[in-house]
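Overview (structure and organization)
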Amino acid sequence: MTVGWETLDVGEQALVYNHEGEARIEEGPKRLFLWREKFQILKRNAVNQNSYAIVRYNDGQVEHLKGPCVIYENPLHHKFVKAYPMESLDANEALVVYKQDKETNKVTRYVQFGPTLFMPKAGEWLHEFCWHGIDPDNKTSMIPNSNRFSRLKIIPDQFYYNVDEVRTADDAAIRVKLMLFYELKDIDTMLNATKDPFSDFINCVCADIIAYASKYTYIEFMEKSSALNDLSNYPQLLDRSKQIGYEISKVVYRGFHTHDKLQKLHDGAVKTRTNLKIAYEKEEQEQEMTDMKLKNEKDRIQLEHKLEEENLSHKQELEKDRVRHKLMMELKQEQNVRDVWIQENSASLEGKKLQDAQTLKYYTNLHDLGVDLNGYIQAKAQRPQKIIKVVADKDSANFHLHHT
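As a convention, each chain's residues are numbered from 1 in the sequence order in which they are written. Reporting in this predicted model follows two pLDDT cut-offs: at least 70 for local features of residues, and 80 or more for side-chain atom pairs to be given and counted; totals over whole chains, interfaces and linings ignore these cut-offs and use all residues. Each side-chain value is worked out from all heavy atoms of the structure, with water and hydrogens disregarded.

By the naming in an unreviewed UniProt entry, the protein chain is Band 7 domain-containing protein, taken from Mytilus edulis.

Pasting the structure below:
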């Protein structure tokens, strides 16, 4: 019990007990005079807009209060008051929330998707996942129960994993390096079907790789290892992922590793094959270069022959044109000579024709008069050089002169 003055500032509350054990709450700002009373300042709990307060009462009840708010922790009513940040969910995150009914004590489950700020209500709690997690010292190895979280990622993701101690048909031990791409499709199916989906992925992919490698020898596996990029070679993985609500979109084969001695032998064989391949490609290039030179030489000779033929053909065409022109000029000259001869002799020929026509008419008239034309002609000519025989057609009055 104290006697004296006590001061309460703005925003403060105090619990005052009197000598009979009764208590009252005083709010500031205030100045109090205490007489045989006990003074206790209450703890002030300020909760911002991104937080919520869990208030546990002395009678066992629990209340969740969403911020912003101010709660004074009163020991008469409260066992404790504590602030917690609300769950900030992105668009690709979800929470699995359990809720217990107060009357029936039945527990139900629902999924809260983002984006949102989530505050669990009184009687609700979040599902905590405990899965295989990536080894911080080796990204290709998984550690059981090392990944604990409550926010569930629902976007496509991937992880690396190496399958160790894989035996081929000829008992060669190898390590197969893989990269798996997956996506969560059905949260309820996943919750009902598995406790750790990564454990299922690892077990199934190991089984598929072991089954695939056991069918081939070491050399055959090297030749056909690219087929591990095909999803059809992972039947157990695809079947199990479908059962637990996941989808495996792709599996990338990143190569393999074997024992150092075997790897050294393999590297030597690869080096030898590489050198042989380089020599083969070099020889092939030289052969192609030789073929190209021969082809170019052949094409050049054919081009030269073609040019020579074209040149000769051109010369022949020129010669033909020259001869044709010469013949045409000679023909034209002959035609001119003929035309001149015709022009020069046409007059004399016409005169002779007219003279012959007059002579024929004269002899015709004599014949009509009854004169013997042969005797007349012989008597007229002193020494006949030509004998003109007049022949008369019986059927007509036409006469023909024949020179003998």
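Moving on from the coordinates now.
Focus on the overall build of the protein chain
By definition, any uninterrupted DSSP run of H or I lasting at least four residues is a helix, any uninterrupted run of E lasting at least two residues is a strand, and each is numbered from the N terminus. Along the protein chain, the regular secondary structure elements total 6 helices and 22 strands. Counting only C-alpha atoms, the protein chain reaches 210 × 70 × 45 Å along its principal axes. Three labels apply to residues, based on accessible area from a 1.4 Å probe with only protein chains included: buried if under 20% of the type maximum, exposed if over 50%, partly exposed otherwise in between. Taking all 404 residues of the protein chain together, the buried fraction comes to 28%. Contacts in the protein chain between residues far apart in sequence, at least 24 positions, make up 54% of those at least 6 positions apart. Throughout, the Shrake-Rupley method with a 1.4 Å probe supplies accessible areas, and for residues the shown protein chains are the sole cover considered. Approximately 28100 Å² of the protein chain is accessible, and the part contributed by carbon and sulfur atoms is 52%. When charges are tallied, Lys and Arg are placed among the positive residues and Asp and Glu among the negative ones, while His and the ends of the chain are skipped. Lys charges are placed at NZ, Arg charges at CZ, Asp charges at CG and Glu charges at CD. For the protein chain, the distance from the average site of its 57 positive side-chain charges to the average site of its 63 negative ones is 3 Å. Note on contacts: a residue pair qualifies if any of its non-hydrogen atoms lie within 4.5 Å across the two residues.

Some thoughts on the UniProt feature "coiled-coil region" (unreviewed entry) in the protein chain
With numbering aligned to this structure, UniProt lists the feature "coiled-coil region" (unreviewed entry) at residues 280-335. This span, residues 280-335, is 100% helix and 0% strand, and a straight line between its end C-alpha atoms measures 80 Å. UniProt positions are given in the numbering used here, feature names are shortened, and annotations may be inferred rather than shown by experiment.

As for the side chain of Ser225
By the element assignment, Ser225 lies in the loop between helix H3 (218-224) and helix H4 (235-243). Any pair of N or O atoms that falls within 3.5 Å is considered a polar contact. Within protein, one atom must be able to donate a hydrogen and the other to accept it, and sequence-neighbouring residues count only if both atoms are side-chain atoms. There is a polar contact of 3.2 Å between the side chain of Ser225 and the backbone oxygen of Met222.

A word on the pattern of salt bridges
A pair is scored as a salt bridge if a Lys or Arg side-chain nitrogen falls within 4 Å of a carboxyl oxygen belonging to Asp or Glu. A full pass over the atoms with the stated rule returns 18 salt bridges. For Arg300, the salt bridge identified is with Glu304, shortest N-O distance 2.5 Å. Residue Arg300 and its partner Glu304 are both found in helix H5 (residues 260-368); the two are separated by 4 residues, about one turn of the helix. Residue Glu304 is classed as partly exposed on the basis of its relative accessible area, which comes to 36%.

So, the layout of surface pockets
Definitions used throughout: a 1 Å grid over protein atoms alone; a cavity as a set of points that fits a 1.4 Å probe which cannot get out; a pocket as an open set with protein on both sides within 12 Å along at least five of seven lines; a lining residue as one with an atom within 4 Å of a point. Grid points are joined across faces, edges and corners, and a volume is the space filled by probe spheres set on the points. Reported here for the largest pocket is a volume of approximately 280 Å³. Forming the boundary of the largest pocket are 18 residues, of which Trp131, Asn147, Asp157, Tyr182 and Phe198 lie nearest the centre. Taken together, the elements giving at least two residues each to the lining of the largest pocket come down to strand S15 (129-135), strand S16 (138-149), strand S17 (151-153), strand S18 (157-167) and strand S19 (173-184). Per-element accounting of the lining of the largest pocket gives the leading share, 4 residues, to S15. Residue polarity follows a fixed list, in which Ala, Val, Leu, Ile, Met, Phe, Trp, Tyr, Cys and Pro are nonpolar, Asp, Glu, Lys and Arg are charged, and the others, Gly among them, are polar. Here the lining of the largest pocket is composed, by residue class, of 11 nonpolar, 4 polar and 3 charged.

Remarks on the sheet that holds S19
DSSP bridges decide pairing: two strands pair if at least two such bridges lie between them. Here 3 strands make up an open sheet; going across it, the order is S18-S19-S20 and the pairing antiparallel. Since the sheet does not close on itself, it has two edges, and those belong to S18 and strand S20 (246-258), each with one partner. In this sheet, adjacent strand axes meet at a mean angle of 25° when their direction is disregarded. Sheet topology places S18 next to S19; 9 bridges connect them, and they run antiparallel. The partner of Val163 across the bridge, within S19, is Val176. The convention used is that axes are lines fitted to C-alpha atoms, helices contributing only their stretch in contact, and that angles between N-to-C directions extend from 0 to 180 degrees. Contacts between helix H2 (residues 197-213) and the sheet are confined to S18, S19 and S20, with S18 contributing the most and set at about 45° to the helix. Packing against the sheet, H4 makes contact with S19 and S20, and its axis sits at approximately 145° to S20.

Quick notes on the confidence of the model for the protein chain
pLDDT is a residue-level measure of predictor confidence that goes from 0 to 100. Within the protein chain, residue pLDDT values average 87, and 93% of them lie at 70 or more. Under a pLDDT of 50 for its full length, residues 390-397 has, in the predicted model, 14 contacts with residues more than four places off or in other chains. Confidence drops under pLDDT 50 across residues 399-404; counting only partners more than four residues distant or on other chains, this segment forms 25 contacts.

Remarks on the pairing of S19
Counted along the chain from S18 to the antiparallel partner S19, the turn is 5 residues long, and its residue Asp171 has a positive phi close to 65°. Where S19 meets S20, 11 bridges bridge the pair, whose relative direction is antiparallel. Looking across to S20, one finds that Phe181 is bridged to Lys250.

Topic: the packing of H2 against H4
Between H2 and H4, the least distance of the axes is 7 Å, while the angle of their chain directions is 155°. Judged by the inter-axis angle, H2 sits roughly antiparallel to H4. The handedness of the crossing between H2 and H4 comes out as right-handed. Together, Asp200, Phe201, Cys204, Val205, Ala207 and Asp208 of H2 and Pro235, Gln236, Leu237, Arg240 and Ser241 of H4 make up the contact between the two elements. By the definition adopted for this analysis, an angle is roughly parallel if under 35 degrees, roughly antiparallel if over 145, roughly perpendicular if from 65 to 115, and oblique otherwise. Handedness of a crossing is defined here by the sense of rotation of the near helix relative to the far one, left-handed for an anticlockwise turn of less than a right angle and right-handed for a clockwise turn.

Details of the nonpolar core
Buried Ala, Val, Leu, Ile, Met, Phe, Trp, Tyr and Cys residues that are joined via side-chain atoms within 4.5 Å together make up what is termed a nonpolar core. Counting residues in hydrophobic clusters, the biggest one holds 44 residues, and the most contacted among them are Val176, Leu178, Met190, Ile209, Phe221 and Leu237. Looking at this core element by element, the count peaks at 9 residues for H2. For Leu178, the residues in contact, after removing those within four places along its chain, are Phe159, Tyr160, Tyr161, Asn162, Val163, Val205, Ile209, Tyr234, Val251, Val252, Tyr253 and Arg254. Counting 6 residues, the second-largest nonpolar core is a separate cluster that includes Ala14, Val16, Leu34 and Phe39.

Focus on the environment of Arg240
Relative to the elements of secondary structure, Arg240 occurs in helix H4. A residue is classified by how much of its surface remains accessible, and Arg240, at 23% relative accessible area, is partly exposed. A polar contact of 3.3 Å, which involves the side chain of Arg240, links it to the backbone oxygen of Ala193.

Digging into a nonpolar patch on the surface
Side chains of Trp5, Phe33 and Trp35 sit close together on the surface and give an oily, nonpolar patch of about 410 Å² of accessible area. Relative to the helices and strands, Phe33 resides in strand S4 (residues 30-41). You can call Phe33 partly exposed: its relative accessible area is 44%. Here, patches come from residues exposed beyond 30% relative accessible area and free of salt bridges, joined within 9 Å for like charges and within 5 Å for nonpolar side chains (Val, Leu, Ile, Met, Phe, Trp, Tyr).

Some thoughts on the sheet that holds strand S7 (residues 62-66)
Spatial ordering of the open sheet is given by S7-S6-S9, a layout of 3 strands whose pairing is antiparallel. Each having just a single partner strand, S7 and strand S9 (78-85) make up the two edges of the open sheet. Ignoring strand direction, the axes of neighbouring strands in this sheet form an average angle of 20°. Of the pairings in the sheet, the one linking strand S6 (residues 51-57) to S9 comprises 7 bridges and is antiparallel in character. Pairing of Arg56 across the sheet is with Phe80, part of S9.

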